[in-house]
Number of protein chains: 2
Amino acid sequence: MVLRMSTLFLRTLREDPVDAEVASHKLLVRAGYVRRAAPGIYSWLPLGYMVLRNVEAIVREEMNAIGAQEVHFPALLPREPYEATNRWEEYGDTLFRVVDRKGGDYMLGPTHEEMFTLLVKDLYSSYKDLPLSLYQIQTKYRDEARPRAGILRGREFVMKDSYSFDVSDEAFMRSYEAHRGAYIRIFDRLGLDYVVVAAMSGAMGGSASEEFLAIAESGEDTYVRSPGGYAANVEAVRTPAPAPLPYEDAPAAHVEDTPDTPTIETLVDDLNARFPRQDRPWTAADTLKNVLVILHHPDGTREPLAVGVPGDREVDEKRLGAQVDPAVLEPFTEADFAAHPSLAKGYIGPGVLGEKNTSGIRFLVDPRVVDGTRWVTGADRHGKHVVDLVCGRDFTPDGTIEAAEVRDGDPAPDGSGPLETARGIEMGHIFQLGRKYSEALGLQVLDENGKLVTVTMGSYGVGVSRAVAAIVENSHDDAGIVWPREVAPADVHLVATGKDDAVFDAAESLAGELDTAGVRVIYDDRRGVSPGVKFKDSELVGVPTIVVVGRGLADGVVEVKDRRSGERHEVAVADAAEHLRELVTAS
Amino acid sequence: MVLRMSTLFLRTLREDPVDAEVASHKLLVRAGYVRRAAPGIYSWLPLGYMVLRNVEAIVREEMNAIGAQEVHFPALLPREPYEATNRWEEYGDTLFRVVDRKGGDYMLGPTHEEMFTLLVKDLYSSYKDLPLSLYQIQTKYRDEARPRAGILRGREFVMKDSYSFDVSDEAFMRSYEAHRGAYIRIFDRLGLDYVVVAAMSGAMGGSASEEFLAIAESGEDTYVRSPGGYAANVEAVRTPAPAPLPYEDAPAAHVEDTPDTPTIETLVDDLNARFPRQDRPWTAADTLKNVLVILHHPDGTREPLAVGVPGDREVDEKRLGAQVDPAVLEPFTEADFAAHPSLAKGYIGPGVLGEKNTSGIRFLVDPRVVDGTRWVTGADRHGKHVVDLVCGRDFTPDGTIEAAEVRDGDPAPDGSGPLETARGIEMGHIFQLGRKYSEALGLQVLDENGKLVTVTMGSYGVGVSRAVAAIVENSHDDAGIVWPREVAPADVHLVATGKDDAVFDAAESLAGELDTAGVRVIYDDRRGVSPGVKFKDSELVGVPTIVVVGRGLADGVVEVKDRRSGERHEVAVADAAEHLRELVTAS
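Cut-offs applied
- Residues numbered from 1 in each chain as written.
- Chains lettered and ligands numbered in written order.
- Predicted model: local features only at pLDDT ≥ 70, side-chain atom pairs only at ≥ 80, totals over all residues.
- Heavy atoms only, no water.
- Helix = DSSP H or I, 4+ residues; strand = E, 2+ residues; numbered from the N terminus.
- Buried < 20%, exposed > 50% of the residue type's maximum accessible area, 1.4 Å probe, protein only.
- Lys, Arg positive; Asp, Glu negative; His and termini not counted.
- Charge placed at Lys NZ, Arg CZ, Asp CG, Glu CD.
- Least-squares fit on C-alpha atoms with pLDDT ≥ 70 in both.
- Contact = heavy atoms within 4.5 Å.
- Buried area = accessible area lost by both parts, 1.4 Å probe.
- Salt bridge = Lys/Arg side-chain N within 4 Å of Asp/Glu carboxyl O.
- Nonpolar A, V, L, I, M, F, W, Y, C, P; charged D, E, K, R; others polar.
- pLDDT = per-residue confidence, 0-100.
- Pairing = 2+ DSSP bridges.
- Axes fitted to C-alpha atoms, helices over the stretch in contact; angles between N-to-C directions.
- Domains from an automatic or database assignment.
- Polar contact = N/O pair within 3.5 Å; in protein donor to acceptor, adjacent residues only side chain to side chain.
- Phe/Tyr/Trp six-rings, centres within 6.5 Å; stacked < 30°, edge-to-face > 60°.
- Lys NZ or Arg CZ within 6 Å of the ring centre and 35° of its normal.

## What to know about the overall build of chain A
- In terms of helices and strands, chain A carries 15 helices and 32 strands.
- Counting only C-alpha atoms, chain A reaches 95 × 65 × 45 Å along its principal axes.
- For chain A, the residues scored as buried account for 56% of the 587 residues in total.
- Where the 64 positive side-chain charges of chain A centre and where its 95 negative ones centre are 3 Å apart.

## A word on the relation of the copies chain A and chain B
- Placing chain A over chain B gives an RMSD of 0.1 Å and needs a rotation angle of 180°, together with 0.0 Å of translation along the axis. Such values leave the two copies arranged in the relation of a two-fold axis. Closest approach to the rotation axis within chain A is made by the C-alpha atom of A:Val98, at a distance of 2.9 Å.
- Both copies contact each other with a shared surface, as 100% of the interface residues of chain A are interface residues in chain B too.

## Focus: the interface of chain A and chain B
- Listed by partner, the interface residues are 54 residues for chain A and 54 residues for chain B.
- Buried area between chain A and chain B, both sides added, is near 4900 Å², and the carbon and sulfur share of it is 57%.
- Interface area lost by chain A to chain B is led by A:Phe9, A:Arg101 and A:Leu123, which between them contribute 16%.
- Across the salt bridge formed by A:Arg155 and B:Asp100, the nearest N and O atoms sit 2.9 Å from each other.
- Of the residues contributing to the side of chain A that touches chain B, the split by class is 32 nonpolar, six polar and 16 charged.

## Things to note about the confidence of the model for chain A
Residue and element names in this part refer to chain A.
- Averaged over all residues, the pLDDT of chain A is 92; the fraction at 70 or higher stands at 98%.
- Across residues 202-206 the pLDDT falls below 50, and counting only partners more than four positions away or on other chains, this stretch makes 18 contacts in the model.
- Scoring the predicted complex yields pTM 0.88 and, for the interface, ipTM 0.87.

## Observations regarding the sheet that holds strand β21 (residues 399-400) of chain A
Residue and element names in this part refer to chain A.
- One open sheet accounts for five strands, arranged β17-β15-β16-β18-β21; its pairing is mixed. In this open sheet, the two strands that pair with only one neighbour each are β17 (328-331) and β21.
- Summarising the sheet, strand β15 (residues 288-296) and strand β16 (residues 302-310) pair through nine bridges and their orientation is antiparallel. Looking at the pairing, His 296 lines up with Arg 302 of β16.
- Helix α8 (residues 317-324) contacts β15, β16 and β17 of the sheet and is inclined by roughly 125° relative to β17.

## Description of the domain arrangement of chain A
Residues and elements named next belong to chain A.
- Segmentation of chain A into domains returns domain 1 (17-237 + 421-473), domain 2 (254-400) and domain 3 (490-586).
- Taking only C-alpha atoms, the centre of domain 1 and the centre of domain 3 are 39 Å apart.
- Domain 1 puts six residues into the contact, and the matching count from domain 3 is four residues.
- Between domain 1 and domain 3, roughly 390 Å² of surface is buried when both sides are summed, and carbon and sulfur atoms account for 63% of that area.
- Considering only the side of domain 1, the residues that lose the most area to domain 3 are Ala 31, Tyr 33 and Leu 47, jointly responsible for 61% of the buried surface there.
- Summed over the shared surface of domain 1 and domain 3, the result is one residue pair in polar contact (both at pLDDT 80 or more).
- The residue makeup of the side of domain 1 that touches domain 3, split by class, is four nonpolar, one polar and one charged.

## Comments concerning the pairing of strand β18 (residues 362-365) of chain B
Residue and element names in this part refer to chain B.
- Summarising the sheet, strand β16 (residues 302-310) and β18 pair through four bridges and their orientation is parallel. Within the sheet, the bridge partner assigned to Ala 306 lies in β18 and is Phe 363.
- Here β18 pairs with strand β21 (residues 399-400) via two bridges, running parallel. Looking across to β21, one finds that Leu 364 is bridged to Gly 399.

## As for the sheet that holds strand β29 (residues 521-524) of chain A
Residue and element names in this part refer to chain A.
- Pairing is mixed across the open sheet formed by six strands, whose spatial order is β1-β29-β28-β30-β31-β32. Of all the strands in the sheet, just β1 (3-4) and β32 (568-572) have a single pairing partner and so form its edges.
- Pairing of strand β28 (residues 492-496) with strand β30 (residues 545-549), which is carried by five bridges, proceeds in the parallel orientation. Residue pairing in the sheet places Val 495 in a bridge with Val 548 of β30.

## Regarding the environment of A:Asp316
All names here are of chain A.
- Within the fold, Asp 316 resides in the loop between β16 and α8.
- A C-alpha to C-alpha distance of 4.8 Å links Asp 316 and Glu 405, two positions 89 residues apart in sequence.
- In contact with Asp 316, other than residues within four places in its own chain, are Val 234, Ala 403, Ala 404 and Glu 405.
- There is a polar contact of 2.9 Å between the side chain of Asp 316 and the backbone nitrogen of Lys 318.

## Things to note about the side chain of A:Ser416
- Locating A:Ser416 in the fold gives a position in the loop between β21 and β22 (420-434).
- Ignoring anything within four residues of it in the chain, the contact list for A:Ser416 reads A:Ser226, A:Pro227, A:Gly228, A:Gly229 and A:Tyr230.

## Some points on the packing of aromatic side chains
- Summed over the entire model, instances satisfying the criterion amount to 28 aromatic pairs over all chains.
- Judged by centre distance (5.7 Å) and plane angle (55°), the ring pair of A:Phe187 and A:Tyr194 falls under tilted.
- Residue A:Phe187 is classed as buried on the basis of its relative accessible area, which comes to 0%.
- Geometrically, the ring pair formed by B:Tyr194 and B:Phe212 is tilted, given 6.2 Å between the ring centres and 35° between the ring planes. Remark: B:Phe212 occurs in strand β11 (residues 209-215) and B:Tyr194 occurs in strand β10 (residues 194-198); sequence separation between them is 18 residues. The burial state of B:Tyr194 is the same as that of B:Phe212; both residues are buried.
- In this structure an aromatic cluster arises from ring pairing among A:Tyr183, A:Phe187, A:Tyr194 and A:Phe212.
- We note A:Arg527 situated over the ring of A:Phe504; from NZ or CZ to the ring centre the distance is 3.9 Å.
- The ring of B:Trp282 is capped by B:Arg277, whose NZ or CZ atom sits 4.0 Å from the centre of that ring.

## A look at the pattern of salt bridges
- Scanning the model with the defined rule gives 101 salt bridges over all chains in all.
- Linking A:Arg362 and A:Glu303 is a salt bridge whose minimum nitrogen-to-oxygen distance equals 3.0 Å. Separated by 59 residues along the polypeptide, A:Arg362 in strand β18 (residues 362-365) and A:Glu303 in strand β16 bring together distant segments of the chain.
- Its relative accessible area of 35% is what places A:Arg362 among the partly exposed residues.
- Among the salt bridges present, the one from B:Glu114 reaches B:Arg87, with a minimum N-O distance of 2.7 Å. Of this pair, B:Glu114 sits in helix α5 (residues 113-123) while B:Arg87 is found in helix α4 (residues 87-90), placing the two residues 27 residues apart along the sequence. The same class applies to B:Glu114 and to B:Arg87, which are both buried.

Spelled out as structure tokens, the structure:
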């Protein structure tokens, strides 16, 4: 079927939409692929829906190739299964909730772990039934607080989600590796520039996980990489703990008056002025900053937590948040201070936290705070700090936590060199769910010895509609989109220019030949539209090969242009169809 | 890809699900195609999703073939466009409503007229852009009061809906006919036993419409047909009006005491006892029954309406309701009687309705009540009836209405013989929307003379998920489903029986050959499952061709069985792949 510009439901726009900030949002709207219907909710126009279906087809092929079986759950889901796993509550405002005419509670599914788990429980009962991988390509819903960037982060979007079911952790690892391989093939075929990073699993509640990020400045995810090949989501970076230091010769801790030191900077200046060190000046890295937060647990309880980090680093709330998930971070309020009178605001130190812990508050420190390290920190009295406080001698934290910011130049945990930060778009996520859902919902099978074992699950997601935007983020120029061939809405954008009937006749016949040869064609058959407008549209729409039938026809040639490189060459009109068929098949 | 029963995510059931009443519901659940997730909400298992996608593919091909272009709207829709057409209210409890985290009103789309109209308004502006037909295959939502029959009437379901946009009514008729042709091809290819009937358009607000009904006892729609080929939805049947009768010689109307005649039957008995007629006895057909109802209009107002029908017929609420749509019928209450003191309950007659109309209530009569017809009816006084009341002489109704029941034996309006009623499943609906939506939402284009004209629209729907059930209703037997080949999940169900390795080796190799030849295969490779169970499963699953590799292999043959006819024949194992490829291609 030849797509004719004269009838194609498409109007390209010369102006960027006013609400668009990122390239994919601008270009997909301007080139007529998508259209906003409501905040974070988009309609797919004909070309856009073709691209979306091309992405779906690639995902489907690769999932089928690893033996995963396609099913399709409803998007409107009953409350009960999500109640059993506590996610009805945990999702909070992110969940679109629906009440039916009989007062029954429903939700628009943001993810389907519960439904898959219950379905397998319903049908399967033996180890012989496993391994099993099921997937669906389904519309999902999340009521994002700030939907942004067009279809990059929408409130209604298409995802492929799959789930693996295995009788043991060893068997699970094979399912995980199969999915990992499929994901690499999917993202390769989508033409994405991507990186696989170690990741926290977030609300999914698993233990091991990796993310596939499309490398893009416009991405919302920050990750780090090292020259030696280490890559991780910032939330997942593990800080290498230094070896413990000897502290036999360390001076005893001593409390000092430190008036007028409202910040770490003023404290450090004060130390250098009044207690200069021989070997090197005091720096913020010598201080231990103790930050108080409240963990709001899913069961509604509020737990205070103290986090100690070197004073030269900020607490990264995303990193801290990922560690305490599913609890949610809240500020430590004046009322909380009032409830813990032993805390001296601004001067919180180990007297109440890490030594005898009179406050009763859990105290977790950065992994750099190892035995033998010496610190300047609050003395639990207003206007006073304690100096030469030695970890393991003068205070003992309750454990460590990854809460400090990661900075460019920090060492990679695997020794592969200094880290640098970069940004990406989360395109895929594969993770070990373990037995969280199978335990909560009672998915067990009989093993070889007739004993009931709880099934080990994996969960795997691909952002299908998001991929359309991510591909554009990765692949565009000033003139428009540059589609990789396999996802492009057509192979060839055939432009007839001028007013000469012979040109339109030749183009028409070439379009027909290409169509017959299985080459997908957009044919710009519009009369009375200038060549300039037609060229601009072809660049904006972004089909990989542009063919111009125009003035050259008098010499028996048409022009073939590669959209990505801009390279042009002429081909005899008689050979054009075969030439293009070969070009399309080869690339 | 060969589907292997040893790993296919499928468990057939021997028992019908307890909530299932119709064959398609029972069989689709028992054969492992669908599974209930909530009332009226189903999950598609692997075989079911294959069939659904096969149906989608047929619909897509035929829509593309008439030049309709595929788009995809969100399922979660903003309130505003539906507010403009009043449908946010009109849909009432049928609409699933959603409030987002910012308090914004949304709905799960039951149909998308408004969204399509606004999109075309957004992009198009000239008669040169038309004709245009757009479609989508989309998940729709209706909070049915009584979801029933599995996926036959669900609350989440898949529909193809399309819309045509034309500059004139004449141009619209071409779009309508194109869709009509496509629908005939779709339902033919789906293998449905169907009928095209004239229909009311219901809440869609159009003027001309036809329905495609799958003929099935389990259907919810009643339609009528005549030997001469007339077919109509009961709501759409037009009663032929008899010619007016002369009434110069008719006696004057006379009021009679009719005590103890609480029913029409007792009234007729009383008339025959006390006022016997020479030529023929009184029957219920001589009486005029005046029924009072309230029309609840979308703007909230309540209007009383009197409907007069011959006393031998009931008022059919579905027929009456269809005539007054979008108003909704409500009972005429005691309070309504109190508000109209001129009405004598049980004896309502033309004194207050049709003569001087002292009640102010609109009075519509059955089309059989023509000038010159004589009636016995209420005399507007308790215990009294009026006899020999002549329409056009003694009373004048405000018009006619199709409210009386249609009965077997009634004449077809086109003179094609007596009607008989039958039941069907609404599979498709095509109708002229006219300018209802384009006017409400301001969709206009410039015509050839530079004048703004309002666009004429058509609306066309196919129940895609419902088709899966309707096909089963049309095509099953006691043993299971009998799929038409094009929608079947596979072409061949290959069964290996016994314990002999040679059998499994031969079956395995035949499965591979068929797969290579493009024949879609389910291969029952299960070891240790009895032949009886395998045969039962193959009949239940319903693939058109069943091939058994078993004892015959010793003689070099396999058995080929036609699922529909039950006919069997043997084929040499060496020729089996080619034989089956030809059989599949031919059918």
